[in-house]
Amino acid sequence: MENLAKSLMEELECETVFTIPVFGGIPVSESVVVTWIIMAVLILTAFILTRDLKTHNISKRQAIAELIVTKLTGIVEDMTGPEGARYVPYLTTVLLYIGLANIIGIFGFKSPTKDLNVTAALSVMSIVLVEAAGIYEKGIKKWLHKFAEPIWVVTPINILEIFTRPLSLCMRLFGNVLGAFVIMELIKLIVPVFVPAIFSAYFDLFEGVLQAYVFVFLTSLYLKEAIE
């Protein structure tokens, strides 16, 4: 158990990779550097797949790009509905980022979603989007009026919900990623070597993609509620 606790603390600890020498020194953590790597991979992939686009006689590369975009946006559009179509690009980007962040451990990197700061930032961004969408679609007056629905007595609870939603999103994503790590460490202690490899593939791939889907699904659910 001591080894498990030590491994858990090492996994949760985000080391400072380097410090930017301005304003007294800005530390840049491991999760930020890995996030930059993920961003670079996504940007480079998008650049390669979208060069020399055509409307006729398209290349295999363009066909692959169109297939990826169609499938991903289709998944998100099914969640948001036609009313939330303008928010699909953002949610698709979040889906890609979290999915890659969860499975990047396969390549020897520490997943950024194991950093509570990262999951908290993603959650706050999503809730800001939800509330901003509500104001944009309904206007300030109707947006404020929703806090008194169905009756004014529940106004404090409705206001509190703004703060509990990002907390729920944050802890759900962070907790599931952390829980998967704990389970893997326990499996390594009690079963042969080849069995953890099978479970590792499940947690690193399937579970990682699933948690990205769940995060975007819940954000879409809140978004639909805000703009209805």
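Residues numbered from 1 in each chain as written. Predicted model: local features only at pLDDT ≥ 70, side-chain atom pairs only at ≥ 80, totals over all residues. Heavy atoms only, no water.

S.K.: Describe the environment of Val-32, naming the residues involved and giving the relevant values.
M.R.: Among the secondary structure elements, Val-32 is positioned in helix α2 (residues 30-49). Val-32 gets classed as partly exposed once you look at its relative accessible area, which sits at 31%. Through-space distance from the C-alpha of Val-32 to that of Val-118 is 8.4 Å; in sequence the pair is 86 residues apart. (Helix = DSSP H or I, 4+ residues; strand = E, 2+ residues; numbered from the N terminus. Buried < 20%, exposed > 50% of the residue type's maximum accessible area, 1.4 Å probe, protein only.)

S.K.: Break down a nonpolar patch on the surface for me, citing the residues and quoting the values.
M.R.: Where nonpolar side chains cluster on the molecular surface, the patch consists of Ile-37, Val-41, Ile-75, Ile-106, Phe-107, Phe-109, Leu-205, Phe-206, Leu-210, Tyr-213, Phe-217 and Leu-221 and spans about 1,100 Å² of accessible area. Looking at the nonpolar patch, the element that brings in the most residues is helix α8 (residues 194-227), giving six residues. Here Leu-205 lies in helix α8. (Patch = residues over 30% accessible without salt bridge, like charges linked within 9 Å, V, L, I, M, F, W, Y side chains within 5 Å. Areas by Shrake-Rupley, 256 points an atom, 1.4 Å probe, with all protein chains shown as cover. Salt bridge = Lys/Arg side-chain N within 4 Å of Asp/Glu carboxyl O.)

S.K.: Break down the pattern of salt bridges for me, citing the residues and quoting the values.
M.R.: Per the counting criterion, the structure on display carries five salt bridges. A salt bridge links Lys-110 to Glu-30; its shortest N-O distance comes to 3.8 Å. Here Glu-30 lies in helix α2 and Lys-110 lies in the loop between α4 (88-103) and α5 (116-138), a separation of 80 residues in the sequence. We classify Lys-110 as buried; its relative accessible area is 15%. Between Glu-225 and Arg-165 there is a salt bridge whose closest N-O contact spans 2.9 Å. Here Glu-225 is found in helix α8, whereas its partner Arg-165 is found in helix α7 (residues 155-190), with 60 residues between them in sequence. Residue Glu-225 is classed as partly exposed on the basis of its relative accessible area of 47%. Arg-165 sits in the buried class, given a relative accessible area of 10%. Members of the salt-bridge network, linked through shared partners, are Glu-161, Arg-165 and Glu-225.

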